[in-house]
Amino acid sequence: MKKKDIVHIIEQLKVNPVFQMSLGSKELFHSNFLAWIFDNRNLKDYALAILNQLPGLLEEVIDISKPPEREKLNIDLTLDIQSKSGIKKIIIENKVKSLPQKDQLLKYSEKTNTANHYILLSLSEPAFEKLALDRKLTLKNSENIGITWHFLSYSDLSKILEIALVKVNDGFEKQLLEYYISFIKYLDKIAQECNLNEDDLFDFHDNDLVAELGKIRIKDLYLKKKYESLSVLIYKKLKSAGFNVMDLGQKINWKEECDQAVFVTSDFTNSMGLSDVKFQVASKLSLGIQIQGEQYRMVVRDMNSDIAEKIKEDLEKEFWFQFKEQKETVDIFPKDKEKFNKYNKHFYYRYVKLGKDKKVSELVDCVVKDIVLIKSSVDKVKLILEKHNLLNEAYSI
């Protein structure tokens, strides 16, 4: 997208009152706004016109039988709808700042009736599985029953809301809805700008767009989704390289046996996007890579013990914290005598600065090579653990 287009979007959002109201609760606002539509007697015809355009509904919706429920069983929005054949529930899971997660969708379908109609409303398509041509996602629950989620993008939602506007007579409510439709159209365009290609430069941690989006307080959305996109590319590359990669976004479970599993996640902390890759060397020990801001970190962490603290220097002597995959000579930080940064006594790291000249493909390849290095060095880690009498502790559950 050209800079002038971004500037236009930002200027439009600045004067959009609905966008300004959304800033107080970016995740919850959209579900609350939709709940207001479905619970507003003045907008009943409009609400029915929206429901009858939702993907996958085979019968005409003739009524909403009770007020919508918010956050029931942690589900964003639950609607009871009436058709000629009876009452049915619509379950809506809404994802604005983060990617849809497989385990979360399965958990929600486990809590509810499999006969419900499931809608996944999201700014981003799921990365764990490709959508079918009809924009469906079928997941099998614990009883091996297929649960179908119908994907609805915010772009599609804006079109549905806009088409249904002919059913709105009140001037104030119509204008409010028009502001909301305009808002989510622009939000979708910004989200599309967050998609990464391997040929892109790794410069999005600090560019002109970040500064502009910061002026309207949605820099966090942009950076979170950019690093999310980076994590997706890393995840796919590791999968294709044959690693035992868990579902994207799945967190490490220290209480399970280690099977040299790789965990790829993303986050937004300390006002910066974060891509995180962990290789579980032992049940209570992982080595990995973090990319946050312009820092490329080599990390060692353990589960609430002092393993990482005791072995970090030996890891550096043997193979880790050396940054050999960086092509040019680089400074390794910290430079002082402490040599390691830490978040707590379970998490130590060193880092190099990436700058803005690397291609995303180079960065992804570097991560994969470093994970290969960890996998090929598992025996070295075991010897280090044995030297410190930590082998049994590291592998115990």
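Whatever comes next refers back to the structure up there.
Residues numbered from 1 in each chain as written. Predicted model: local features only at pLDDT ≥ 70, side-chain atom pairs only at ≥ 80, totals over all residues. Heavy atoms only, no water.

**Let's talk about the environment of Lys 375**
Stated formally: Counting from the N terminus, the helices are DSSP H or I runs at least four residues long and the strands are E runs at least two residues long. Type-normalised accessible area, obtained with a 1.4 Å probe on protein chains alone, sets the label of each residue: buried when under 20%, exposed when over 50%, and partly exposed for intermediate values. Contacts: residue pairs with any heavy atoms within 4.5 Å of one another.
In this fold, Lys 375 is placed in helix α11 (residues 360-376). On the basis of relative accessibility, which here comes to 40%, the residue Lys 375 falls in the partly exposed class. Distance from Lys 375 to Phe 243, taken between C-alpha atoms, is 9.3 Å for residues 132 residues apart in sequence. Setting aside residues no more than four positions away along its own chain, Lys 375 makes contact with Phe 243, Gln 260 and Phe 279.

**Describing the packing of helix α10 (residues 307-318) against helix α12 (residues 378-387)**
As a reminder of what qualifies: Angles run from 0 to 180 degrees between N-to-C directions of axes, and those axes are lines fitted to C-alpha atoms, restricted for helices to the stretch in contact. Put simply, angles under 35 degrees are roughly parallel, angles over 145 are roughly antiparallel, angles from 65 to 115 are roughly perpendicular, and the rest are oblique. With the far helix as reference, a near helix turned anticlockwise by less than a right angle produces a left-handed crossing, and one turned clockwise produces a right-handed crossing. Any residue that is not Ala, Val, Leu, Ile, Met, Phe, Trp, Tyr, Cys, Pro, Asp, Glu, Lys or Arg is counted as polar, Gly included; the first ten are nonpolar and the last four charged.
Put simply, α10 and α12 touch, their axes get as near as 10 Å, and they point 130° apart. The pairing of α10 with α12 is recorded here as oblique in orientation. Of the two elements, α10 crosses α12, and the hand of that crossing is right-handed. Contacts between α10 and α12 pair Ile 307, Ile 311, Asp 314, Leu 315 and Glu 318 from the former with Lys 380, Val 381, Ile 384, Leu 385 and Lys 387 from the latter. By residue class, the composition of the contact of α10 with α12 is 6 nonpolar, no polar and 4 charged.

**Observations concerning the packing of helix α9 (residues 219-240) against α11**
At their nearest, the axes of α9 and α11 sit 10 Å apart, and the two run at 50° to each other. Classified by the angle their axes make, α9 and α11 are oblique. Between α9 and α11 lies a crossing of right-handed hand. Residue-level contacts link Leu 230, Leu 233, Ile 234, Lys 237 and Leu 238 of α9 to Val 360, Leu 363, Val 364, Asp 365, Val 367, Val 368 and Ile 371 of α11. Residues that form the contact of α9 with α11 fall into these classes: 10 nonpolar, no polar and 2 charged.

**Comments concerning unusual backbone geometry**
A cis amide bond links Phe 333 with the next residue in sequence, Pro 334, at an omega value of -5°. Assignment of secondary structure puts Pro 334 in the loop between α10 and β11 (341-344). You will see that Glu 71, though not glycine, has its phi angle at about 60°, which is positive. On the secondary structure map, Glu 71 appears in strand β1 (residues 63-72). A relative accessible area of 34% places Glu 71 in the partly exposed class. One non-glycine residue with positive phi stands out, namely Phe 321, at about 65°. You can see Phe 321 is positioned in the loop between α10 and β11. Assessed through its relative accessible area of 1%, Phe 321 is described here as buried.

**A few points about the sheet that holds strand β3 (residues 86-95)**
Threshold: Only when DSSP finds a minimum of two bridges between them are two strands counted as paired.
Read across the sheet, 6 strands follow the order β1-β2-β3-β4-β6-β5 without closing on themselves; strand pairing throughout is mixed. Edge positions in the sheet fall to β1 and β5 (136-140), since each of these pairs with one other strand and no more. Neighbour-to-neighbour, the strand axes of the sheet open up by a mean angle of 25°, direction not taken into account. Note that β3 and strand β4 (residues 117-122) share 6 bridges and pair parallel. Paired with Ile 91 across the bridge in β4 is Tyr 118. Helix-sheet contacts for helix α4 (residues 44-51) involve β1, β2 (75-83) and β3, and the interaxial angle to β1 is about 75°. Contacting β2, β3, β4, β5 and β6 (146-153), helix α5 (residues 102-111) runs over the sheet at an angle of about 70° to β5.

Function cannot be inferred from these measures alone, as they are strictly geometric.
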